[in-house]
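What follows is each chain in one-letter form.
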Amino acid sequence: MFSLELVNGVEEGTIPITVTDIHRPGLALAGFMQNYLNERIQILGETEILYLNTRTEDVRHEAVERLFSVPLVCIIVTRSLDIPAELLRGATRHRVPLLRTSMLTTPFIHELTRYLDDSFAETCEIHGTLVDVYGVGLLFTGHSGIGKSEIALDLVERGHRLVADDTVHVTRIAEDVLIGRGNQHLRHFMEIRGIGIINVQDLFGLAAVRERKTVDLVIELEHWEPGRAYDRLGLDESVYTILESPVPYIRMPIALGRNISILVEIAARNHVLKMQGHYSAREFARKLEEQLQRSREGRSR
């Protein structure tokens, strides 16, 4: 992924990687040791290597010794630069993995940081189906056999995109940002009872699938229960907690005669309106209250 080459044969350092940030120790090489963040991966680019190569042998030796005065996770040299002999000897002696990549420094830092953020993020697995509908990540939940896959397939046929079926891997990359994706090897496969396993990408094309999507709205599918009270106005703002992050949540009853795919599309559009500050239910309730108030005032005259 990063075209990393292990230079000194030290495969495991003395301290593990525990943070997602990286550090460029240019100031430490120059002698300024305050705020030397040794618990981070150390990146040496063209500037740091050029500094070492332009110093005298004694100054270069002292700079390298300062670098290894505390335990380090590892050192990565970018741009396939030649590694100074003092740095190679110091890393080997202190049992610090020394690696090299051909990537340019800034793109490498961005890619490495993104990879570490993803690796250290909290994750969980949810039994459900994730579909991108009008740019809204809809996570369908409900007991097995309720029809999650069939509804997702109908949505794909209507031009929307499947992200994951059966098992959704959810990662929290920020306090309120959840990313869902499918199993790496089975992400575009779907089980349809009576037909078997199908490949959605092969059937509908590349535009019918996507690798990942934010989880924006949870829709729990359930069988219609006569006599049960369901939300008629939509004033209740329920949430579904995933990895301690609240996600807007609605219960959607399934019954004969209900076109669930259309209802799901409406739910996605309505969610977009809410994100823009337009709440139809609240506006309806406000207008109704104003009308009732005018009626009360008319009767009191």
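Computed from a predicted model, the values in this text were never measured in an experiment. (Residues numbered from 1 in each chain as written. Predicted model: local features only at pLDDT ≥ 70, side-chain atom pairs only at ≥ 80, totals over all residues. Heavy atoms only, no water.)

A. Here's a closer look at the overall build of the protein. Helix and strand content of the protein: nine helices and 17 strands. Taken over the C-alpha trace, the protein has a radius of gyration of 28 Å; the compact-globule value for 301 residues is 19 Å, which it surpasses by more than 25%. With the C-alpha coordinates aligned to their principal axes, the bounding extent of the protein is approximately 95 × 60 × 30 Å. Per-residue burial for the protein yields a buried fraction of 39% across its 301 residues. Once local pairs closer than 6 in sequence are excluded, the contacts in the protein between residues at least 24 apart make up 67%. For the protein, the distance from the average position of its 34 positive side-chain charges to the average position of its 42 negative side-chain charges is 6 Å. (Helix = DSSP H or I, 4+ residues; strand = E, 2+ residues; numbered from the N terminus. Rg over C-alpha atoms; globule rule 2.2 N^0.38 Å. Buried < 20%, exposed > 50% of the residue type's maximum accessible area, 1.4 Å probe, protein only. Contact = heavy atoms within 4.5 Å. Lys, Arg positive; Asp, Glu negative; His and termini not counted. Charge placed at Lys NZ, Arg CZ, Asp CG, Glu CD.)

B. Layout of the nonpolar core. The biggest cluster of nonpolar side chains holds 26 residues, and the ones touching the most others in it are Leu138, Phe140, Ile151, Val200, Ile219, Leu221 and Val264. Only strand S7 (129-133), strand S8 (136-141), helix H6 (148-157), strand S12 (189-192), strand S15 (217-223), strand S17 (245-254) and helix H8 (260-275) provide two or more residues apiece to this core. Within the second largest apolar cluster, 19 residues are counted, among which are Ile49, Phe68, Leu72 and Ala91. (Core = buried A, V, L, I, M, F, W, Y, C linked by side-chain atoms within 4.5 Å.)

C. Local environment of the pattern of salt bridges. Tallied over the entire structure, the rule returns 13 salt bridges. The partner of Glu48 in a salt bridge is Arg24, with the nearest N and O atoms 2.9 Å apart. Residue Glu48 is found in helix H2 (residues 46-53), and its partner Arg24 is found in the loop between strand S2 (22-23) and helix H1 (26-30); the two are separated by 24 residues along the sequence. Exposure remark for Arg24: the relative accessible area of 33% places this residue in the partly exposed category. (Salt bridge = Lys/Arg side-chain N within 4 Å of Asp/Glu carboxyl O.)

D. View of the sheet that holds S7. Across the sheet, which stays open at both edges, the six strands sit in the order S9-S7-S8-S15-S17-S16 with mixed pairing between neighbours. Strands with a single pairing partner mark the edges of an open sheet, and in this sheet they are strand S9 (161-164) and strand S16 (238-242). The mean angle between the axes of side-by-side strands here comes to 35 degrees, regardless of whether they run parallel or antiparallel. Note: S7 against S8, five bridges, orientation antiparallel. (Pairing = 2+ DSSP bridges. Axes fitted to C-alpha atoms, helices over the stretch in contact; angles between N-to-C directions.)

E. Region of the structure containing the packing of aromatic side chains. Inspection of every chain in the model, using the stated rule, returns three aromatic pairs. Ring geometry for Phe2 against Tyr115: centres 5.7 Å apart, planes inclined by 80 degrees, an arrangement best described as edge-to-face. Within this pair, whereas Phe2 is found in the segment before strand S1 (5-6), its partner Tyr115 is found in helix H5 (residues 105-120), the two being separated by 113 residues in sequence. Residue Phe2 is classed as buried on the basis of its relative accessible area, which comes to 9%. On the accessibility criterion, Tyr115 (39% relative accessible area) is partly exposed. Arranged with centres 5.8 Å apart and planes meeting at 35 degrees, the rings of Tyr240 and Tyr249 form a pair that is tilted. For Tyr240, a relative accessible area of 29% gives the class partly exposed. The structure contains a cluster of three or more aromatic residues connected by ring pairs, namely Phe2, Phe108 and Tyr115. The aromatic ring of Tyr134 is capped on one face by Arg269, whose charged end is 4.2 Å from the ring centroid. (Phe/Tyr/Trp six-rings, centres within 6.5 Å; stacked < 30°, edge-to-face > 60°. Lys NZ or Arg CZ within 6 Å of the ring centre and 35° of its normal.)

F. Structural detail: helix H3 (residues 57-67). Taken together, the buried positions of H3 are Arg60, Ala63, Val64 and Leu67. Buried residues of H3 fall within an arc of 95 degrees about the axis and therefore sit on the same side. Those residues of H3 hidden inside the fold are in contact with H1, H2, strand S4 (75-77) and helix H4 (85-93). (Arc of directions from axis to C-beta.)

G. Broad picture of the sheet that holds S4. Pairing is mixed in the open sheet, where five strands are placed in the order S1-S5-S4-S3-S2. Each end of this open sheet is capped by a strand with a single partner; those strands are S1 and S2. Two elements, S4 and strand S5 (residues 98-100), share three bridges in a ladder whose sense is parallel. Bridged to Ile75 within S5 is Leu98. Strands strand S3 (41-44), S4 and S5 of the sheet are contacted by H4, whose axis makes an angle of about 135 degrees with S5.

H. Inspection of the side chain of Lys148 at higher detail. Along the chain, Lys148 falls in helix H6. We note that Lys148 is buried and unpaired, the nearest opposite charge coming from Asp166 at a distance of 6.7 Å. Those residues in contact with Lys148 that lie beyond four places of it in its chain are His127, Gly128, Thr129, Phe140, Thr141, Gly142, His143 and Leu221.

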